[in-house]
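Examining the three-dimensional arrangement
The lines below spell out each chain.
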Amino acid sequence: MAAAGSDHGLRRIVWKRIKDTIIADCRSSEVWKILILDPFTTKLLSSCCKMSDLMSEKITIVEDLFKSREPVLEMKAIYFMSPTAKCVEAFIADFKNKPKYKAAYVYFTDYCPDELFNNMKQHCAKYIRVCKEINMNFMPQEAQVFTCDNPGAFRSIYSPNSQDKKKTLETLSDQLVTLCATLEEYPGVRYKKDSNMENAKTLAELVDNKLARHYEMDDSGKKKGKTQAQLLIVERGFDPVSPILHELTYQAMAYDLIDVQNDTYKYKSKDGSEKQALLNEEDMLWVKLRHNHIADVTVQIPKMLKEISANKKQPDGKVTISNLAQMMKKMPAFRKQLTEKTVHLQLAEECMKHFQNNVEKLCKAEQDLAVGSDVEGMKVKDPMRTLLPVLLHPYSTHDKIRAVLLYIFSLNGTTDENLSKLIQHVKIEDQREFILNWKELGVPIITSPSFFSRKPTRRDRSQEETYNLSRWTPVIKDVMEDAVENKLDTKEWPHQSECPAAWNGSGAVSARQKNKSSTQDDRRTGSRLIIFVLGGISFSEMRCAYEVTQAVKSCEVIIGSSHILTPTSLLDDIKALSKGPMEMFTIEERSNA
């Protein structure tokens, strides 16, 4: 499936919006300009444009707001920053005593509080040519994925010692409003009802009120009605299985098994030199392969390489990394194409090594526990029999913890006594928080034997083609499909605000079928489903947004969260939930050092 690459989707929308606001304002004057960014806007801009894009818009230098800078009196400066006290102070310092620049064009990512605004006016009024809020306080991660760039939100929301839960939910709601504003959507808001957890409901209320306020004060003075969009808010505990399983689709598997930091894959080339590659939507091969099963990827890459060598009349032999090095020396034009493919050959090979070493055996047990039946469709009557071989095998403690969790999730909780036995078995007496702290997410861990809660019924996917070791489907995919088909139960998914009439997915779909063209822009005229997961999303859940969009065509699914999870990062966050604020402080310091 050729997904919408960087040309489409959220990154493109964000870049277009930056061009229409910040850059359009400055185009009128011919002077070259300097652009000053804070850490958040630096990340935002680098996610959607290159330095060359800025150069072609007459921006010659990009500077860090918090670093000391040389004054350039003949230049105008564009400030693109978050509306925080720290940013505003740094801005004022640039002009207060001795101005550093000829004039300032100020753009905030979000609503600027009055006191900060007045402070700026008081000290720098005569230098400020423009001061605007452009509503863009989120990170476009991929064509259909956004984050709030806030992994710390997990702790703030779920730790029993949290001091700033309310503030965090407020901030997330502001960020969600800027996402909707950037997409020019005014969605109906719904949330997943949960008897033990209130966060989704609280966030839904906040977002809904703020959206109403935002669209009341429309620039053109007219009140905006609801658009053809729906926003669903759900908490992480709603599907604890998906982020813990070993996924075998390429992107999810790579981020789980290989240490990919900041989307950068580091590897050694054949000559032993250290190399690195960015895994993002600039790499079209990555976009093409990321949601495919590893078994397909390992077949596709060598095939593509063969095609390249066939085109160049290479003696056709086995594709190996050393042959490739030979070819690359001979033909510079193919170098870029080959480099991309070599990176993925290497990354896929590395994933397969892990798979063959131990993941393959683990996956069978994990799938049986998660799905509740084996490959033949026989119900798993005694999950302990599925789990034991994993505990007896010398897997890593981490992998055993993941299996124990899947066992507990499959039973909807276990007895205190049984849990103690499991913890001894895995030898994590001193690290039981990996398991116990899931209760903070509303996931049942310890239950009395008489308490049997009903597991939600899942969609029947028995007819879908899948690999034996990839039978599990993230619960969010059921939700996406139900929402698009307008089958979500209103008792389970209450409307925070009335939904636009057009949100009967079925009508939207059939009306579009007559006109068979399905180009991206054509699809824009359909509707949008935006899903926000409180507490992180996994790569397999991101994949579902693309799969459902692909299948439905008339509705684009966008998924987002405070941050993106890997099984390791989630388990570390879970374990840290019970730490007090002081202990956390030391961890933060370490990670920043």
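These numbers come from a predicted model, not from an experiment.

What counts, and where the lines are drawn
- Residues numbered from 1 in each chain as written.
- Predicted model: local features only at pLDDT ≥ 70, side-chain atom pairs only at ≥ 80, totals over all residues.
- Heavy atoms only, no water.
- Helix = DSSP H or I, 4+ residues; strand = E, 2+ residues; numbered from the N terminus.
- Buried < 20%, exposed > 50% of the residue type's maximum accessible area, 1.4 Å probe, protein only.
- Contact = heavy atoms within 4.5 Å.
- Areas by Shrake-Rupley, 256 points an atom, 1.4 Å probe, with all protein chains shown as cover.
- Core = buried A, V, L, I, M, F, W, Y, C linked by side-chain atoms within 4.5 Å.
- Pairing = 2+ DSSP bridges.
- Axes fitted to C-alpha atoms, helices over the stretch in contact; angles between N-to-C directions.
- Salt bridge = Lys/Arg side-chain N within 4 Å of Asp/Glu carboxyl O.
- 1 Å grid on protein atoms, 1.4 Å probe; cavity = no way out; pocket = protein on both sides within 12 Å on 5 of 7 lines; lining within 4 Å.
- Points joined across faces, edges and corners; volume = space filled by probe spheres on them.
- Nonpolar A, V, L, I, M, F, W, Y, C, P; charged D, E, K, R; others polar.
- Parallel < 35°, antiparallel > 145°, perpendicular 65-115°, else oblique.
- pLDDT = per-residue confidence, 0-100.
- Patch = residues over 30% accessible without salt bridge, like charges linked within 9 Å, V, L, I, M, F, W, Y side chains within 5 Å.
- Expected span 1.5 Å × (residues − 1).
- Polar contact = N/O pair within 3.5 Å; in protein donor to acceptor, adjacent residues only side chain to side chain.
- Right-handed = clockwise from strand over helix to strand, strands pointing away.

1. Some remarks on the overall build of the protein
- In terms of helices and strands, the protein carries 23 helices and 13 strands.
- Expressed as a percentage of the 593 residues in the protein, the buried residues total 53%.
- Across the protein, the fraction of contacts at a sequence separation of at least 24, relative to all contacts at a separation of at least 6, is 79%.
- Approximately 28,200 Å² of the protein is accessible, and the part contributed by carbon and sulfur atoms is 52%.

2. A closer look at the nonpolar core
- In this structure, Ile18, Phe80, Ile233, Ile435, Trp438 and Phe532 are the most contacted members of the largest nonpolar core, which totals 94 residues.
- The residues touching isoleucine 435, leaving out its near neighbours within four places in the chain, are Ile401, Val404, Leu405, Ile408, Leu419, Ile423, Ile428 and Ile445.

3. Description of the sheet that holds strand E8 (residues 188-191)
- Here six strands make up an open sheet; going across it, the order is E6-E7-E13-E12-E9-E8 and the pairing mixed. In this open sheet, the two strands that pair with only one neighbour each are strand E6 (139-142) and E8. Within this sheet the neighbouring strands show an average axis-to-axis angle of 25°, counted without direction.
- The pairing of strand E12 (residues 527-534) with strand E13 (residues 555-561) spans seven bridges and is classified as parallel. In the strand pairing of E13, arginine 528 is matched with glutamate 556.
- Along the sheet, helix H1 (residues 9-27) makes contact with E6, strand E7 (145-147), E12 and E13, crossing E6 at roughly 145°.
- Here helix H21 (residues 539-552) sits on the sheet and contacts E6, E7 and E13; the angle it forms with E13, its principal contact strand, is near 170°.

4. As for the pattern of salt bridges
- Counted under the stated rule, the structure contains 33 salt bridges.
- A salt bridge links arginine 461 to aspartate 478; its shortest N-O distance comes to 2.8 Å. Of this pair, arginine 461 sits in the loop between helix H17 (433-436) and helix H18 (475-484) while aspartate 478 sits in helix H18, and the two are 17 residues apart along the sequence. Across the pair, exposure class does not vary: arginine 461 and aspartate 478 are buried alike.
- Here the salt bridges do not stand alone but share partners, grouping Arg458, Arg459, Arg461, Glu464, Asp478, Glu481, Asp482, Glu485 and Lys487 into one network.

5. Here's the deal with empty space enclosed by the protein
- The final tally for this structure, using the stated rule, is two cavities of 30 Å³ or more.
- Put simply, the largest cavity is a space of about 90 Å³.
- Forming the walls of the largest cavity are Ser242, Pro243, Leu245, Glu247, Ala252, Asp256, Ser538, Phe539, Ser540, Leu565, Thr566 and Pro567.
- Looking at the lining of the largest cavity, the elements that each hand over two or more residues are helix H9 (250-257) and H21.
- Taken together, the residues of the lining of the largest cavity sort by class into six nonpolar, four polar and two charged.
- Of the volumes computed, that of the second largest cavity is approximately 30 Å³.
- If you go around the second largest cavity, the residues you meet are Ile18, Ile22, Ile23, Leu35, Leu45, Leu54, Ile59 and Phe80.
- For the lining of the second largest cavity, the element with the most residues is H1, which contributes three residues.
- In terms of residue class, the lining of the second largest cavity is made up of eight nonpolar, no polar and no charged.

6. Section: the packing of helix H4 (residues 85-95) against helix H5 (residues 114-124)
- Direction vectors running N to C along H4 and H5 enclose 5°, while the axes themselves pass 10 Å from each other. The orientation of H4 relative to H5 falls into the category roughly parallel. Facing Ala85, Val88, Phe91, Ile92 and Phe95 of H4, the residues of H5 in contact are Leu116, Asn119, Met120, His123 and Cys124.
- Taken together, the residues that form the contact of H4 with H5 break down as eight nonpolar, two polar and no charged.

7. Considering the packing of H9 against helix H13 (residues 335-371)
- In contact at an axis separation of 10 Å, H9 and H13 are set at 70° when each is read in the N-to-C sense. Judged on the interaxial angle alone, H13 and H9 are roughly perpendicular. Counting all contacts with H9, which are made through Tyr250, Met253, Ala254 and Leu257, the residues of H13 involved are His344, Leu347, Ala348, Cys351, His354, Phe355 and Val359.

8. Quick word on the sheet that holds strand E1 (residues 33-37)
- Taken together, five strands build an open sheet; the order of strands is E2-E1-E3-E4-E5 and the sheet is parallel. In this open sheet, the two edge strands, each paired with only one partner strand, are strand E2 (59-64) and strand E5 (128-133). Going across the sheet, the axis of each strand differs from the next one's by a mean of 20°, ignoring polarity.
- Taken together, the five bridges between E1 and E2 define a ladder with parallel strand orientation. Each residue of the ladder has a partner; that of isoleucine 36, found in E2, is glutamate 63.
- Packed onto the sheet, helix H2 (residues 39-48) meets E1 and strand E3 (72-81) and runs at close to 115° relative to E1.
- On the sheet, H4 packs against E3, strand E4 (101-108) and E5 and is oriented at approximately 165° with respect to E4.

9. Quick look at the confidence of the model for the protein
- Looking at the protein as a whole, its pLDDT mean stands at 87, while 87% of the residues score no less than 70.
- When mean pLDDT is taken per element in the protein, E7 scores highest with 98 and helix H19 (residues 505-513) scores lowest with 38.
- Segment residues 504-524: pLDDT under 50, and 25 contacts once partners within four positions in sequence are set aside and those in other chains are kept.
- Of the regions scoring below 50 in pLDDT, residues 586-593 engages in one contact with residues more than four places distant in sequence or in other chains.

10. Focus on a nonpolar patch on the surface
- A cluster of nonpolar side chains, namely Trp32, Met51, Met55 and Val62, defines an oily patch on the protein surface of about 340 Å² accessible area.
- Looking at where methionine 55 falls in the secondary structure, it is placed in helix H3 (residues 51-55).

11. So, helix H15 (residues 397-411)
- Between its first and last C-alpha, H15 extends 21 Å over 15 residues, near the 21 Å set by a 1.5 Å rise per residue.
- Among the 15 residues that make up H15, 11 are buried, leaving the element largely enclosed by the rest of the structure.
- Those residues of H15 lying buried are Asp399, Lys400, Ile401, Arg402, Ala403, Val404, Leu405, Leu406, Tyr407, Ile408 and Phe409.
- Phi turns positive one or two residues past the end of H15, at asparagine 412, with a value near 60°.

12. So, the side chain of glutamine 144
- Positionally, glutamine 144 belongs in the loop between E6 and E7.
- Given a relative accessible area of 5%, glutamine 144 falls into the buried group.
- A polar contact of 2.9 Å, which involves the side chain of glutamine 144, links it to the side chain of threonine 549.
- Not counting the four nearest positions on each side in its chain, glutamine 144 is found in contact with Leu10, Ala545, Tyr546, Thr549, Glu556, Val557, Ile558 and Ile559.

13. With respect to the pairing of E12
- With eight of eight residues buried, E12 is to be regarded as a mostly interior element.
- Burial of the side chains of E12 extends over both faces: Ser527, Leu529, Ile531 and Val533 are buried on one face and Arg528, Ile530, Phe532 and Leu534 on the other.
- With seven bridges joining them, strand E9 (residues 229-235) and E12 adopt parallel strand pairing. Each bridged residue has a counterpart across the sheet, and for isoleucine 233 the counterpart in E12 is phenylalanine 532.
- Handedness of the E12-H21-E13 crossover: right-handed.

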